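In case you want the letters, here they are:
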Amino acid sequence: MLAMLRARLGIAATTFVLTIFAVAVALAGPLYARAAADSALAVEVHAAPTVERVITGDLLTGVRGPAAVDVVSGKIKQPYIRGFETVTSVLSNGVLNPDVGETFWLGSRTGVCEHLTLIRGRCANADREIVIREDTSKEHGFDVGSDVEFMASSFGGGRGEESIRLTVVGVYQTYLPTDVYWADRFMLAGSEGGPFFTNDRTVRSADGPQLLTTDLIATEEAFRDRSTLDADIKAAMDILSATQFQPHTEVESLIDHIEDAEETLLSSLIVATLPLIAICWYVMFLAIVGAVQHRRGELAVTALRGVPGRLRWWLPNAETMVPVLAGAIPGFLFGYAVTAALAAWLLPGAPLVTPTLPAVALAVLSVVGALLTAVIAQWRVTREPVSNLLRQVVRRGDSNAARAVEAVAGVLALVAGFQAATAAGAGGLALLVPLCFGLGIGMLAGRLVAAPAERLGRRLIRGGRLALGLATISVSRRPGSRAMVALLTVAFGLFGFALTVTDTAARAWEERAHVETGAYRVLSIVPVPAARLMDAVKAVDPQGNFAMAAATVQLPDAPPVVAVDSTRLARVANWPAGPGQPTAAQAAATMRPQEPVTKLVRGNSLFIPLTLNNIGDNSTARLELDMIKPNGERLNPITSAIQPGTAIYEVTTPDCAQKACRFTGMAVSLAAFGRQQVSVTVGEIRNESGEVVVDRGQLTDLTGWVQRKDTAGKPTGDLSAAGNGLTIEANSPIAVDLRIWVRSVPEPMPLLSTGDVPEGFAAVGSTVSVQRALATPMLPRLGDNGIMLDLRYAELSIMPRAEAQRSEVWLSADAPEDILQRIGSAGLTIQEDIRESDRLELFSRQAPALALGFLRLAALAAILLTAAGLIVAAILDRSRRAEDLSALLPHGLSRRTARGSAVLGRAFLVLISVVAGAIATAAAWLVAREVVPVYTTAVAAIPLPTWPDPTVGNGYLAAFVFLLGTCWVAARVARREGEGTVQ
């Protein structure tokens, strides 16, 4: 056996090397897919919005309710899920130093000290100790050692009766609100001035209701094993519900994204390796067929000497089977080493590569396929009659039956490609389309060019162009020409398809990053009132050329909402283009059809005539004004307890003395035990100079006021015009919302939307009726799902009562280099600096990009393997070509012409194939364009471009030139092998 291998060292080495490549490729696909799936999982988890990473539970208790005590003392069972961190909070909303009227959140949170960066002092440990945010310390003059008073509110406009004294023991740096630890809770991540952090007992001592929260925050490990995750999430939700918490989660969406990414990678990458395995088998087939033709005489001699048929079959097959089996283990090791290197080099996080059952199974299948390839390649020769073997006659296979079989095979390959595209989802079998189309079109092209090549070759020879004529005739007469055309067409088809997909995907990612970032650059700002945000941006950019104020608003039961300063939208935002898309100018005019109505109030003190018409037993009423300072901050001055009869009550408003404040609404704050019964008449409001700042006409015009939508569970007060002002009254057995707001914007409020919108935005404390004034397929920052409205309108109608707001400054590409310094000088604190390139970089780390990156490598490997096939075919075809040309040399054919015809013959095959490959690429792209993996989450409004950029042709041309060069190299290598001797 060893003697046979030494005698056939060339073909043995070729078979051995091709087996190594086949096994390595078969192993690399599943291994790289598994590693890429682990990498993509981490990317998806960290890129997911917070709402998809947490399970939240909320419980609003009564005043010092027993539930609060039970939760914080551990009497209520807390849910647990492997891979989730359970974080609880106790929160109370109220006013700081009641005479000033500033509202803040007082809260405790599990492990909060580990997530705060203290600038001064220490974290709060003992009772009545608090830590405050740096901007609050600076604005109000509080520092370590300062004492403050906190009075809890009732979450509905009222206040408690008692305040508690707190001592500042530390000042913390503004943290990033998007950190998942804060669970996207407005009171923790978006509240003005930041929360005051203390311990549980201090919060529970506040004279008011507490908001209890339980947040289960998912880490990467939670999604490694998802076999029981759905059941665990349901059990956690049940525990929260059983303890009266209101549970909510969107973790299922993240699970779906992770599973989609994993499915895309596992199916796409494994399928992408199949063409490479097939090419290895195909090149091996060509090599063995070519080699066995040179041994026809030897096989005839063994038959004449009476060697049994079984042994005559085994001898030539053993010469190829042994190298195949010998290449299995080195192929496995080589494939693992290459995959590990690629994973460390290309995959985010450099995940570990571990062998898997699918990888081993596919590697074994590649070895079995190589063995079958060796047997099939020699099947015909081992069964031919001795007479045919002795005559050295090779059948060309040009019978009608052969032509019919070839045509049917080509058509079936095309049909299989079409079926793979139409029956598959994103990735997976769809990536077989270029292989099938390349094979089908290559087989048909090899057959169709044969007759024209024959005629053209004869014409060229008659015209004296011997080299070109002989080369052209060889295209039609050489038995392996059609097989080589099919191989080359498959390689060109795979390479062209990979270039097309990666180019169009990259352009789609760029467009998506352009749209979803919102602007060239977006600065996330420590939350500030919208008025202050717009004033600061105006100070930085008075002309509105490069900066725009914006805010994201979180509203229940509504799509994502972004409010923008529409007067600057056209100059700053990345406004999408496309069919059905309005212009930015049209959008701006639609969102703000008229300037909002505002009531300005100026005065150091305000004097309010109030008449208490009636009130329930054991009840106390006050009037609380809702105002906005000149700097955009909220101001809520409140009167003393209203006494029966009519009297004038004074509230101090020093912030409105120099510049007018905006009067946005008021509320009757009722502290009642039992039935909610009260009737208060508000007269015209004056300042200390006697000037009327809110007149009787404004008060009694009921159309100028807005209330929260009345419901059976939360009724609103009744409004009526009285002779001396506006009467607000209630008479209900349950709590009544006695807040009213100035109607400042048109109703319904116009907005832009990519889809249907609710009839109204149910914000905390109000319901604002809205109208989809303009439909648009896409919106900046929101893509194809969301709502956009004017920031000034939103500030007056929604934001004072919204659950969450995040302040942002959008910048165009021509913003000055010192823009960050300018923003800071305007009084805004920057938390994040996000650019289009950041989002584009995220897309490059997600599953589709990883799959397409592997597809590029596979296509490049296909070109290299095909080049190896050209060289192998040239070596094995050398003796046959030498025999043919030796008959012509005595008749005057020069050796230079003979050698030139050999190179040109293979070059013509490459030329035919590059055209057929381009056709296969175009056909595969048209059929499979809709199902290639591009996004982990589909964005219908940002489809793939119809055609790739023309520069893609440069890469295709480079592959063509490379294979043309390979033809010359193949001729040189074949010449060195000798005049027809194949070892």
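For the structure itself, consult the block above.
Note that the structure is a prediction, hence the values are computed from the model and not measured.

Examining the overall build of the chain
Helix and strand counts for the chain stand at 28 helices and 32 strands. Residues counted as buried form 54% of the 983 residues belonging to the chain. Put simply, the chain shows about 40700 Å² of open surface, and 57% of that area lies on carbon and sulfur atoms.

Brief notes about a nonpolar patch on the surface
Together, Val-360, Val-364, Val-368, Leu-372 and Ile-376 make up an exposed nonpolar region whose accessible area comes to about 420 Å². The topology assignment puts Val-368 in helix 12 (residues 357-382). Residue Val-368 is classed as partly exposed on the basis of its relative accessible area of 39%.

Examining the pairing of strand 1 (residues 54-60)
A large share of strand 1 lies buried, amounting to five of its seven residues. Pairing of strand 1 with strand 9 (residues 211-218), which is carried by seven bridges, proceeds in the antiparallel orientation. Each residue of the ladder has a partner; that of Val-54, found in strand 9, is Ile-217. Relative to strand 10 (residues 246-249), strand 1 is paired through four bridges, and the arrangement is antiparallel. What sits directly across from Thr-56, in strand 10, is His-248.

Describing unusual backbone geometry
Backbone geometry at Ala-183 places phi at a positive 60 degrees, although glycine is not the residue there. Examined against the element boundaries, Ala-183 turns out to sit in the loop between strand 7 (159-172) and helix 5 (186-190). When its relative accessible area of 6% is taken as the criterion, Ala-183 is described as buried. In this model, Asn-618 sits at a positive phi of 55 degrees, which is unusual for a non-glycine residue. As for its placement among the helices and strands, Asn-618 is situated in the loop between strand 15 (605-615) and strand 16 (620-628).

Describing the packing of aromatic side chains
Evaluated as defined, the whole model comprises ten aromatic pairs. Ring centres of Tyr-172 and Phe-197 lie 5.8 Å apart, and the angle between their planes is 50 degrees; on these two criteria the pair is classed as tilted. One end of the pair, Tyr-172, is in strand 7; the other, Phe-197, is in strand 8 (residues 196-197), with 25 residues separating them in the sequence. Overall, the relative accessible area of 0% leaves Tyr-172 in the buried class. Using a relative accessible area of 1% as the deciding quantity, one classes Phe-197 as buried. Seen in terms of ring centroids, Tyr-181 and Trp-182 are 4.7 Å apart; in terms of plane orientation they differ by 75 degrees. Their pairing is edge-to-face. Judged by relative accessible area, which is 1%, Trp-182 ranks as buried. Taken together, the ring pairs connect Tyr-172, Tyr-175, Tyr-181, Trp-182 and Phe-197 into an aromatic cluster.

Remarks on the pattern of salt bridges
Under the criterion given, the structure shown has 35 salt bridges. The residue Asp-143 makes a salt bridge to Arg-120 at a minimum N-O spacing of 3.0 Å. Taken together, the residues Asp-143 in the loop between helix 4 (134-140) and strand 6 (147-153) and Arg-120 in strand 4 (residues 118-121) connect sequence positions 23 residues apart. Judged by its relative accessible area of 33%, Arg-120 falls in the partly exposed class. Here Arg-835 ties to Asp-833 by a salt bridge, and the two come within 3.8 Å at their closest N and O atoms. By relative accessible area, which is 29% here, Arg-835 ends up partly exposed. Among the residues examined, Asp-833 registers a relative accessible area of 30% and is labelled partly exposed. Linked through salt bridges whose partners overlap, the residues forming this network are Arg-34, Asp-38, Glu-220, Glu-221, Arg-224, Arg-226, Glu-259 and Glu-262.

Some words on helix 7 (residues 229-242)
Under the 1.5 Å per step criterion, the end-to-end length of helix 7 is 20 Å for 14 residues, consistent within 8% with the ideal 20 Å. Those residues of helix 7 that fall on the buried side of the exposure criterion are Leu-229, Ile-233, Ala-236, Met-237 and Leu-240. Projected onto a plane normal to the axis of helix 7, the buried residues spread over an arc of 100 degrees and lie on a single side. For helix 7, the exposed residues set more than 90 degrees away from the buried face come down to Ala-231, Lys-234 and Ala-242. A positive backbone phi angle near 75 degrees is found at Gln-244, which sits one or two residues after helix 7.

With respect to the state of the cysteines
By definition, a disulfide links the sulfur atoms of two cysteines through a covalent bond. As enumerated under the stated definition, the model contains two disulfides in all. In this model Cys-113 forms its disulfide with Cys-123; the gap between the sulfur atoms is 1.9 Å. One quick way to see it: the torsion about the S-S bond of Cys-113 and Cys-123 is about -85 degrees, and its sign makes the bridge left-handed. Taken together, the positions of Cys-113 in the loop between strand 3 (102-109) and strand 4 and Cys-123 in the loop between strand 4 and strand 5 (129-133) put the pair ten residues apart, joining distant regions of the chain. Paired through a disulfide, Cys-656 and Cys-661 show a sulfur-sulfur distance of 1.9 Å. Across the disulfide from Cys-656 to Cys-661, rotation about the S-S bond amounts to roughly -100 degrees, and the bridge is consequently left-handed. For the pair Cys-656 and Cys-661, one class covers both residues: buried.

What about empty space enclosed by the protein?
This model, assessed by the stated rule, comprises five cavities of 30 Å³ or more. Taken as a whole, the largest cavity holds about 70 Å³ of empty space. Forming the boundary of the largest cavity are Val-271, Ala-272, Pro-275, Leu-276, Leu-431, Leu-494, Leu-855, Ala-858 and Ala-859. Among the elements of the structure, helix 8 (251-293) and helix 26 (847-886) are those that each provide at least two residues to the lining of the largest cavity. Looking at the lining of the largest cavity element by element, the count peaks at four residues for helix 8. Broken down by class, the residue content of the lining of the largest cavity amounts to nine nonpolar, no polar and no charged.

Section: the side chain of Glu-795
As for its position among the elements, Glu-795 is in helix 23 (residues 791-797). For Glu-795, a relative accessible area of 5% puts it in the buried group. In this structure the side chain of Glu-795 is engaged in a polar contact, spanning 3.3 Å, whose partner is the side chain of Arg-792.

A short note on the environment of Asp-260
Looking at where Asp-260 falls in the secondary structure, it is placed in helix 8. Residues Asp-260 and Ala-847, 587 residues apart in the sequence, show an inter-C-alpha distance of 8.8 Å.

Some remarks on the packing of helix 18 (residues 481-517) against helix 25 (residues 836-843)
Contact geometry for helix 18 and helix 25: axes closest at 9 Å, N-to-C directions at 130 degrees. For the element pair helix 18 / helix 25, the angle class is oblique. Handedness of the helix 18/helix 25 crossing: right-handed. Side by side, helix 18 and helix 25 meet where Trp-509, Glu-510, Arg-512, Ala-513, His-514, Glu-516 and Thr-517 of the first sit next to Glu-836, Arg-839, Leu-840 and Phe-843 of the second.

As for helix 21 (residues 584-591)
When helix 21 is considered as a whole, its buried residues turn out to be Ala-584, Ala-587, Ala-588, Thr-590 and Met-591. Down the axis, helix 21 shows its buried residues gathered within 165 degrees of arc, on one side only. The outward face of helix 21, more than 90 degrees from its buried face, is lined by the exposed residues Ala-585 and Ala-589.

Describing the environment of Asp-230
Within the fold, Asp-230 resides in helix 7. Separated by 21 residues in the primary sequence, Asp-230 and Val-251 place their C-alpha atoms 9.4 Å from one another.

Thoughts on the side chain of Glu-836
In this fold, Glu-836 is placed in helix 25. Within the buried core, Glu-836 has no salt-bridge partner, and the shortest N-O distance to an opposite charge, that of Arg-835, equals 10 Å. Leaving out residues up to four positions away in the same chain, Glu-836 has contacts with Ala-513, His-514, Thr-517, Ala-519, Tyr-520 and Asn-574.

Observations regarding the packing of helix 15 (residues 433-448) against helix 16 (residues 450-462)
Contact geometry for helix 15 and helix 16: axes closest at 4 Å, N-to-C directions at 35 degrees. For the pair helix 15 and helix 16, the contacting residues are Gly-446, Arg-447 and Leu-448 in the first and Ala-450, Ala-451 and Pro-452 in the second. A breakdown of the residues in the contact of helix 15 with helix 16 according to their chemical character gives four nonpolar, one polar and one charged.

As for a negative patch on the surface
A cluster of acidic residues, Asp-230, Glu-250, Glu-252, Asp-256, Asp-260 and Glu-263, forms a negative patch at the surface. By the secondary structure assignment, Asp-256 is in helix 8.

Some remarks on the environment of Ile-740
If you trace the backbone, Ile-740 turns up in strand 26 (residues 739-742). Given the relative accessible area of 1%, Ile-740 is considered buried. Taking the C-alpha atoms as reference points, Ile-740 and Thr-664, separated by 76 residues in sequence, lie 8.7 Å from one another.

Each value, and the rule that gives it
- Residues numbered from 1 in each chain as written.
- Predicted model: local features only at pLDDT ≥ 70, side-chain atom pairs only at ≥ 80, totals over all residues.
- Heavy atoms only, no water.
- Helix = DSSP H or I, 4+ residues; strand = E, 2+ residues; numbered from the N terminus.
- Buried < 20%, exposed > 50% of the residue type's maximum accessible area, 1.4 Å probe, protein only.
- Areas by Shrake-Rupley, 256 points an atom, 1.4 Å probe, with all protein chains shown as cover.
- Patch = residues over 30% accessible without salt bridge, like charges linked within 9 Å, V, L, I, M, F, W, Y side chains within 5 Å.
- Salt bridge = Lys/Arg side-chain N within 4 Å of Asp/Glu carboxyl O.
- Pairing = 2+ DSSP bridges.
- Phe/Tyr/Trp six-rings, centres within 6.5 Å; stacked < 30°, edge-to-face > 60°.
- Expected span 1.5 Å × (residues − 1).
- Arc of directions from axis to C-beta.
- Disulfide = S-S within 2.5 Å.
- 1 Å grid on protein atoms, 1.4 Å probe; cavity = no way out; pocket = protein on both sides within 12 Å on 5 of 7 lines; lining within 4 Å.
- Points joined across faces, edges and corners; volume = space filled by probe spheres on them.
- Nonpolar A, V, L, I, M, F, W, Y, C, P; charged D, E, K, R; others polar.
- Polar contact = N/O pair within 3.5 Å; in protein donor to acceptor, adjacent residues only side chain to side chain.
- Axes fitted to C-alpha atoms, helices over the stretch in contact; angles between N-to-C directions.
- Parallel < 35°, antiparallel > 145°, perpendicular 65-115°, else oblique.
- Left-handed = near helix turned anticlockwise from the far one by under 90°.
- Contact = heavy atoms within 4.5 Å.
- Lys, Arg positive; Asp, Glu negative; His and termini not counted.
- Charge placed at Lys NZ, Arg CZ, Asp CG, Glu CD.

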